[in-house]
Amino acid sequence: MNTHAWATAFLALSLLVLGLVLGAQWLLRKRGKPLPALRPLPAFQDLRDEVKRVAESGKTIHIALGSGGLSSADAVTSLAALQVVEALADAVVAYDVPLIITVGDSTLLPLAQDALRRAYERRDLAELYKPSLVRFIAPMPVAYAAGAAYEIALEDVMTNVMVGHFGPEVSLIADAGARLGLPQLAAAVSPDAIGALYPITNRLAVGEELYAAGAQMTEGSRYLVSLTTQDILRFILVIAILVLAVVQS
Amino acid sequence: MTTKTRGLISILVKKWAPIFIATFAGLLVLVGYLFPTPLLVNYRGRPTELRDVLVEWAVIVAAFAFVLGVVNMLRVHGGRALRRRKGWFYSLALLLAMLIGSLPPLLEILQWFLGDALPDVQIQKALNYLVFDHVIGALGASLAALMAFTLALAAFRLMRARRGGRELVIGWLFILVVAVVLLTSTPLTGLDWLPLADIRRMVVNVLGMAGMRGLLLGVVLGTVITALRVLVISDRPHSEF
């Protein structure tokens, strides 16, 4: 069996396991069994309170979705980051909080605009929606970070949220927020970005925690189910690694 | 056309069509990778796997999205410059830079249409050179250099953001690790007898690598599950649901 065949078999098996676990979880939910409680993630837990705080101040929330897009390997990370926008959009519209979203890849632009537009339409406030609330900054990561940092300084931002695919250049955005003394919430998957964000904020979701954004912020059953699946698979993976290490030693 | 029919078409176009296209294309590409069957099509005169054709189409769609991005930039910065809002001068500079940057490809398109009517192609090359080497390259390098300072500044700010005993201990540990790795990376003359390289190797290659692998495995799990959620239509970021 060559490497490609092994990889294919492993992937097919993983998908099968995932499908089975997801199916079992759905069945449990249908039968009315409660889903396990979430462990707190400060990065997302405090976000709704931040919206209320910003509403009182009349200032703006900035969400940086990173330089990832839909046509690259980080598409799923960008989709997970978009869950934050979707979860936050209704609260933002309800409290009439100005929101600015900056993207570094144009493929994310229509999706973010759409998420925001739908939130306005759900409240029958479609006429208040402006497409320019979502801003494409630049296609290069460093230029994007510099442009987003400039938007923070310019737009009277009260809270800075950085969630999505970033590299070390995220330090430029975080630095702009730190200079203004803003509360900063972040979620990143790349070790470079995590290293750059860790000193700036203690409300940081690290690695796979980013994919828990939807579950944490909406507590929607589909997110809770997939998060539980993720946890189960992680335990299985840890045990498999330990067993293999013992067997090989 | 009745209102009911119009509503039905609207639901089909806004809700179901994007879901069908995305799920069908996603599953086809995934299955193509998992089970590479000889499902070949003759694409641009060569036999190609169907999944490759779809991936190539995605790149074309992404190019259209870039046009949307440019329109968005024109709208945001054009509005700011026209209404003389705060920062209008920088917006104007950006628009001018965009115009200069778009000149080489525009000239190339003109060349394609006019053939030999445009006498000197050297202008395009000079403009390309000017824009990429002297503006974008230089600005990118200076921003990357700035990053080193923002990272150093972040380390100084670390303790201000940390509250409580546990967080402070972790913060100090972070600074200690960074200091050890940086110090042991430098050739300290006269201290050759110290096992500095071994310490660095231990911190970076064993502890650091173990942490990074754990992190990446978690990310892979999250990625697979999120992707699966989109494929089984549990998540519908592309539809009006």
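Structural data are supplied above this passage.
Fair warning: this is a prediction, and the values are worked out from it, not measured in the lab.

## Some points on the nonpolar core
Nonpolar side chains tend toward joint burial in soluble globular proteins.
Line of reasoning, step 1. If you look at the biggest cluster of nonpolar residues, it comprises 57 residues, and the most contacted ones within it are I63, L65, I101, L116 and V163 of chain A.
Line of reasoning, step 2. The element contributing the most residues to this core is helix α4 (residues 75–94) of chain A, with 13 residues.
Line of reasoning, step 3. Excluding residues that lie within four positions of it along the chain, V163 of chain A makes contacts with I63, A64, L65, G66, A81, V84, A187 and L210 of chain A.
Line of reasoning, step 4. In this structure, F166, L172 and A174 of chain A together with L215 of chain B belong to the second largest nonpolar core, which totals 33 residues.

## What to know about the interface of chain B and chain A
Line of reasoning, step 1. Taken together, the contact pairs 62 residues of chain B with 70 residues of chain A.
Line of reasoning, step 2. Summing the contributions of chain B and of chain A, the shared interface buries around 5300 Å²; its carbon and sulfur component is 68%.
Line of reasoning, step 3. E151 of chain A is paired through a salt bridge with R80 of chain B; the nearest N and O atoms lie 3.1 Å apart.
Line of reasoning, step 4. Applying the counting rule to chain B against chain A returns 8 residue pairs in polar contact (both at pLDDT 80 or more).
Line of reasoning, step 5. Of all the secondary-structure elements, those providing two or more residues to the side of chain B that touches chain A are α1 (3–34), α2 (50–82), α4 (122–161), α5 (165–185) and α6 (196–231) of chain B.
Line of reasoning, step 6. When residues in the side of chain B that touches chain A are grouped by element, the largest group, 15 residues, is from α6 of chain B.
Line of reasoning, step 7. When the residues that make up the side of chain B that touches chain A are grouped by side-chain class, the tally is 38 nonpolar, 14 polar and 10 charged.

## Describing the layout of surface pockets
Line of reasoning, step 1. The space that makes up the second largest pocket amounts to roughly 1600 Å³.
Line of reasoning, step 2. Lining the second largest pocket are 48 residues; nearest its centre among them are I137, A138 and A143 of chain A together with M73 and L94 of chain B.
Line of reasoning, step 3. Contributing elements (two or more residues each) for the lining of the second largest pocket: α6 (141–154) and α7 (170–179) of chain A together with α2, α3 (88–114) and α4 of chain B.
Line of reasoning, step 4. Here the residues of the lining of the second largest pocket sort into 36 nonpolar, 8 polar and 4 charged.

## Notes on a nonpolar patch on the surface
All names here are of chain B.
Line of reasoning, step 1. There is a patch of nonpolar side chains on the surface, built from L103, L106, I109, L110, W112, F113 and L114 and spanning about 760 Å² of accessible area.
Line of reasoning, step 2. For L106, the location among the structural elements is in helix α3.
Line of reasoning, step 3. With relative accessibility at 46%, the residue L106 sits in the partly exposed group.

## Brief notes about the pairing of strand β1 (residues 60–66) of chain A
Residue and element names in this part refer to chain A.
Line of reasoning, step 1. The element β1 is extensively covered by neighbouring structure, given that 7 of its 7 residues are classed as buried.
Line of reasoning, step 2. Across 6 bridges, the pairing between β1 and strand β4 (residues 157–165) is parallel. The residue of β4 that forms the bridge with I63 is V161.
Line of reasoning, step 3. Pairing analysis gives 4 bridges linking β1 to strand β2 (residues 99–103), with the strands arranged parallel.

Each value, and the rule that gives it
- Residues numbered from 1 in each chain as written.
- Chains lettered and ligands numbered in written order.
- Predicted model: local features only at pLDDT ≥ 70, side-chain atom pairs only at ≥ 80, totals over all residues.
- Heavy atoms only, no water.
- Core = buried A, V, L, I, M, F, W, Y, C linked by side-chain atoms within 4.5 Å.
- Buried < 20%, exposed > 50% of the residue type's maximum accessible area, 1.4 Å probe, protein only.
- Helix = DSSP H or I, 4+ residues; strand = E, 2+ residues; numbered from the N terminus.
- Contact = heavy atoms within 4.5 Å.
- Buried area = accessible area lost by both parts, 1.4 Å probe.
- Salt bridge = Lys/Arg side-chain N within 4 Å of Asp/Glu carboxyl O.
- Polar contact = N/O pair within 3.5 Å; in protein donor to acceptor, adjacent residues only side chain to side chain.
- Nonpolar A, V, L, I, M, F, W, Y, C, P; charged D, E, K, R; others polar.
- 1 Å grid on protein atoms, 1.4 Å probe; cavity = no way out; pocket = protein on both sides within 12 Å on 5 of 7 lines; lining within 4 Å.
- Points joined across faces, edges and corners; volume = space filled by probe spheres on them.
- Patch = residues over 30% accessible without salt bridge, like charges linked within 9 Å, V, L, I, M, F, W, Y side chains within 5 Å.
- Areas by Shrake-Rupley, 256 points an atom, 1.4 Å probe, with all protein chains shown as cover.
- Pairing = 2+ DSSP bridges.

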